Amino acid sequence: MNPPFADAIAALANSIDVALIEGLTCSLIEAPSINPGGTEAAAVAVLAQACRDVGLSVSLTEAAPDRPNLLASTATSTATGPGVLFLGHTDVVPAGPGWTGDPFVARRDGDLIIGRGSSDMKGGLAAVVAALAALSRAAEFGIDLSGPVHLLATVDEEEHGSGVRAVVADPPPLEFAACIVAEPTCLEVVRGCRGASYLDVDITGRAAHSGRPSDGRSAIEAAAAVIGLIGEDQAAMAADPHPLLGFGTWNVGVIDGGQGISVVAPNCSLGVDRRLMPGESIATIASDLADAISAAGIDDDGITVRLTPTMEMPGFDTPADAPLVRAAVDAVIAAGAPTSVGGWTAACDGGFISRDLGVPTVVLGPGDINGQAHQPDESVPLAELVTAARAYVYAAVALLT
């Protein structure tokens, strides 16, 4: 990179509108979009207007009634090549207890912006909008981008992913060279994520008087045996970890069963979370578990077991030497922050973009997924939002020039 061009990129990155980031983060916090609840529309309206105000084109597509996905793009009059996609979501988890103020009234504590969604991930959305606003002016700085830059903001990321599923089922007529998910990573470049899935396990047995339990077949005992198989599979996965992402994990989060203390349980249900490694699917995992249940004889003689996958969010693993990874690392450093490359045990919508659209993907965003997201008094430093926006400018220019 020649020095004049480097100076132009730095000037473009430094033209980020800090007041836009601060104001939009606060406005998005104050447009509650709680999930479950399907209430993203108000926040999407705020985001859409902010995008229009800085000259971006905006389209809204309903993933479900009153639950619109947003796609905002820079002008494409001369930039006709594949673009860069920034990905985020507009929903937030419920506030929960423990807040010291109204979670949906943005507050300041020094550099911190406090409110539900500040870190996960309305601050990240604001940083992307500011970056796209700057990138729209790239030509004024003598920088010719080969393709447009987009923001895709989906609904329902925190629950069932209906927003991103609608996108990959009917993709926009656009080409993407890379995807950067603006979820909170403390500005670490996350090149791989585990996925997530849910599995319902419904077991039916045969009721009998507890004085003669041998006359019945206990669904609860069968459920315990299924849980034992899950534990054996967990141990096998832990013995062979992935070098970046560790291993898939099982969690039996819900159990419900039985008719009464004096009755052999005729039914039992489990709600199971299975974290996915890249390339895994819950359909295959459920099939393998069903085979193991039959091999163990759990579903013989009056016991039936039905396995129903109810949610899947795929994982992904972008190679360490991918141009996107290098560009993202260089961008954060150029923006003035330290960074590293790692993996995530959390899941995000980026897995769909990687798996279903075949787009190289990383996660890179302001905020702390472990220390702030989903917690009382959630916060994000304004300075980190600004650094993220500048890094997004550097990354997009590197990928499109």
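Please refer to the structure placed before this passage.
So, a few notes on the structure that sits alongside this text.

Parameters at a glance
Residues numbered from 1 in each chain as written. Predicted model: local features only at pLDDT ≥ 70, side-chain atom pairs only at ≥ 80, totals over all residues. Heavy atoms only, no water. Helix = DSSP H or I, 4+ residues; strand = E, 2+ residues; numbered from the N terminus. Contact = heavy atoms within 4.5 Å. Polar contact = N/O pair within 3.5 Å; in protein donor to acceptor, adjacent residues only side chain to side chain. Pairing = 2+ DSSP bridges. Salt bridge = Lys/Arg side-chain N within 4 Å of Asp/Glu carboxyl O. Buried < 20%, exposed > 50% of the residue type's maximum accessible area, 1.4 Å probe, protein only. Expected span 1.5 Å × (residues − 1). 1 Å grid on protein atoms, 1.4 Å probe; cavity = no way out; pocket = protein on both sides within 12 Å on 5 of 7 lines; lining within 4 Å. Points joined across faces, edges and corners; volume = space filled by probe spheres on them. Nonpolar A, V, L, I, M, F, W, Y, C, P; charged D, E, K, R; others polar.

Focus on the environment of Thr-361
Okay, step 1: Tracing the chain through its elements places Thr-361 in strand E15 (residues 361–363).
Okay, step 2: C-alpha separation for the pair Thr-361 and Gly-253, spaced 108 residues apart in sequence, amounts to 30 Å.
Okay, step 3: Those residues in contact with Thr-361 that sit more than four places away from it in its chain are Cys-179, Val-181, Arg-191, Phe-316, Thr-318, Leu-324, Gly-350, Ile-353 and Ser-354.
Okay, step 4: Of the polar contacts made by the side chain of Thr-361, one reaches the backbone oxygen of Val-359; its length is 2.8 Å.

Thoughts on the pairing of strand E9 (residues 196–204)
Okay, step 1: In this structure, E9 lies alongside strand E12 (residues 304–313), joined through nine bridges in antiparallel fashion. Residue Asp-202 lies in a different strand from E12, and its bridge partner there is Arg-306.
Okay, step 2: Two elements, E9 and strand E11 (residues 267–274), share seven bridges in a ladder whose sense is antiparallel. Each bridged residue has a counterpart across the sheet, and for Asp-202 the counterpart in E11 is Ser-269.

Considering the pattern of salt bridges
Okay, step 1: Enumeration over the complete set of coordinates arrives at 14 salt bridges.
Okay, step 2: Between Arg-67 and Asp-156 there is a salt bridge, with its nearest N and O atoms 3.6 Å apart. On the criterion of sequence distance, the pair formed by Arg-67 in strand E2 (residues 67–73) and Asp-156 in the loop between strand E6 (149–154) and helix H5 (162–169) is long-range, its members being 89 residues apart. Like Asp-156, Arg-67 is buried.
Okay, step 3: When the shortest N-O distance is used, the salt bridge between Asp-317 and Arg-191 registers 2.9 Å. In this pair, Asp-317 sits in strand E13 (residues 316–317) while Arg-191 sits in strand E8 (residues 189–193), placing the two residues 126 residues apart along the sequence.
Okay, step 4: Of the residues examined, Asp-317 reaches a relative accessible area of 33% and is grouped as partly exposed.

Topic: helix H4 (residues 118–135)
Okay, step 1: With 18 residues, H4 should reach 26 Å at 1.5 Å per residue; the first-to-last C-alpha distance of 24 Å fits that figure.
Okay, step 2: Burial analysis of H4 places 18 of its 18 residues in the buried class, the great majority of the element.

Observations regarding empty space enclosed by the protein
To locate leftover empty space, one rolls a probe as large as a water molecule over the atoms.
Okay, step 1: What the rule picks out here adds up to one cavity of 30 Å³ or more.
Okay, step 2: Considering only enclosed or pocket space, the largest cavity measures out at about 30 Å³ in volume.
Okay, step 3: Residue lining of the largest cavity: Leu-87, Gly-88, His-89, Met-121, Glu-157, Val-181, Glu-183, Cys-348, Asp-349 and Gly-350, and that is the complete set.
Okay, step 4: Among the residues forming the lining of the largest cavity, the class breakdown is four nonpolar, three polar and three charged.

Thoughts on unusual backbone geometry
Okay, step 1: Residue Pro-36 follows Asn-35 across a cis peptide bond; omega there is 10 degrees.
Okay, step 2: Considering the arrangement of structural elements, one finds Pro-36 in the loop between helix H2 (18–29) and helix H3 (41–53).
Okay, step 3: Even without being a glycine, Asp-156 presents a positive backbone phi close to 65 degrees.
Okay, step 4: Look at Cys-186: it is not a glycine, yet its phi comes out positive at around 55 degrees.
Okay, step 5: You can see Cys-186 is positioned in the loop between strand E7 (176–181) and E8.
Okay, step 6: Here Cys-186 falls in the partly exposed class, since its relative accessible area comes to 41%.

Digging into the layout of surface pockets
Okay, step 1: Each pocket or cavity is described by its volume, and for the largest pocket that value is around 360 Å³.
Okay, step 2: Every residue lining the largest pocket is counted, 17 residues in all, and those nearest its centre are Glu-157, Glu-158, Arg-275, Ala-347 and His-374.
Okay, step 3: Counting residues per element, the ones that place at least two in the lining of the largest pocket are E9 and E12.
Okay, step 4: Looking at the lining of the largest pocket, its residues break down into nine nonpolar, two polar and six charged.

Scope: geometric values only; no functional claims are made or implied.
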